[in-house]
Amino acid sequence: ELDRALELIPSGAGRSLEFNKNIPLLQILLGNFIAAATSIEQPPDGIERYRLLALNQYALGFRAESDAALAQLISAEGTPWGAFYAAEVHAYRGEGVSALDWLGRIDFGAGCESLRLVQFVYYSPFLSKLTGMAEWEAYRSDLLQFMQACSYGLDVHWEQSFAVP
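Figured I'd write up the structure that's included with this text. The structure presented is a predicted model; accordingly, all values stated were derived computationally and were not measured.

Scoring rules and cut-offs
Residues numbered from 1 in each chain as written. Predicted model: local features only at pLDDT ≥ 70, side-chain atom pairs only at ≥ 80, totals over all residues. Heavy atoms only, no water. Helix = DSSP H or I, 4+ residues; strand = E, 2+ residues; numbered from the N terminus. Polar contact = N/O pair within 3.5 Å; in protein donor to acceptor, adjacent residues only side chain to side chain. Contact = heavy atoms within 4.5 Å. Axes fitted to C-alpha atoms, helices over the stretch in contact; angles between N-to-C directions. Parallel < 35°, antiparallel > 145°, perpendicular 65-115°, else oblique. Left-handed = near helix turned anticlockwise from the far one by under 90°. Nonpolar A, V, L, I, M, F, W, Y, C, P; charged D, E, K, R; others polar. Core = buried A, V, L, I, M, F, W, Y, C linked by side-chain atoms within 4.5 Å. Buried < 20%, exposed > 50% of the residue type's maximum accessible area, 1.4 Å probe, protein only. Expected span 1.5 Å × (residues − 1). Arc of directions from axis to C-beta.

On to the side chain of Ser66, then. Relative to the helices and strands, Ser66 resides in helix H5 (residues 63–76). Side chain to side chain, Ser66 and Arg93 meet in a polar contact 2.9 Å long. In contact with Ser66, other than residues within four places in its own chain, are Ala54, Gln57, Tyr58 and Arg93.

The following block contains the structure:
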């Protein structure tokens, strides 16, 4: 349990950077939005922080603040991870078409070197809000085929089969 882990290692200095980055994300998923707001004030900076702010501010009902954080994320975006984070925020906010647009911008061109990002997109709890949209289901099917091909050691290149509306 997250509370127990934080109890055992209360100081951010004693925890790994990866653990610290995931604390506010886990708090958002658990519905602990006030605690997440406090955790977000600590590093990371950049697109990861903007993502967390946009998600949490929206959950707290602060649409303008969420919009501002999303705008910062988009202005700083320039990587496949940034496009993924923007898609997550849009999906979480119920903006499926915008989420799909950002998913369509992700370049998985590095083949199986992109496997980690493919897995994050496939398993994202925020993108699961797109379930039922035909374009998302097709995209997710493509992601699964990509992951399976990589697991078999095949030389695979990303090709998405859905058209963004």
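Resuming the write-up.
Among the structural elements, Ile106 can be located in the loop between helix H7 (96–104) and helix H8 (115–123). A C-alpha to C-alpha distance of 9.6 Å links Ile106 and Leu117, two positions 11 residues apart in sequence. Apart from residues lying up to four places away in sequence, Ile106 is in contact with Pro80, Ala83, Phe84, Leu117, Val121 and Tyr139.

Across the interface, helix H3 (residues 33–40) lies against helix H4 (residues 47–59) with an axial gap of 10 Å and an inter-helix angle of 155 degrees. One element, H3, and the other, H4, form an angle in the roughly antiparallel class. By crossing handedness, the relation of H3 to H4 is classed as left-handed. Across the interface between the two elements, Phe33, Ala36, Ala37 and Ile40 from H3 touch Arg49, Leu52, Leu53, Asn56 and Ala59 from H4. Looking at the contact of H3 with H4 residue by residue, the class counts come to 7 nonpolar, 1 polar and 1 charged.

Core analysis: the biggest nonpolar cluster contains 41 residues, and Leu103, Ile106, Phe108, Val121, Leu127, Leu130 and Tyr139 have the highest contact counts within it. For this core, the element with the highest residue contribution is helix H6 (residues 80–92), accounting for 8 residues. Not counting residues within four places of it along the chain, the set of residues in contact with Val121 comprises Phe84, Leu103, Ile106, Phe108, Leu127, Trp136, Tyr139 and Leu143.

Attention now moves to helix H9 (residues 134–151). With 18 residues, H9 should cover 26 Å at 1.5 Å per step; its first-to-last C-alpha distance of 26 Å lies within 8% of that length. Residues of H9 that are buried include every one of Trp136, Tyr139, Asp142, Leu143, Phe146, Met147, Ala149 and Cys150, and no others. One side of H9 holds all its buried residues, which, seen down the axis, span an arc of 165 degrees. Turned more than 90 degrees away from the buried face of H9, the exposed residues are Ala134 and Ser151. Buried residues along H9 sit against H7 and H8.

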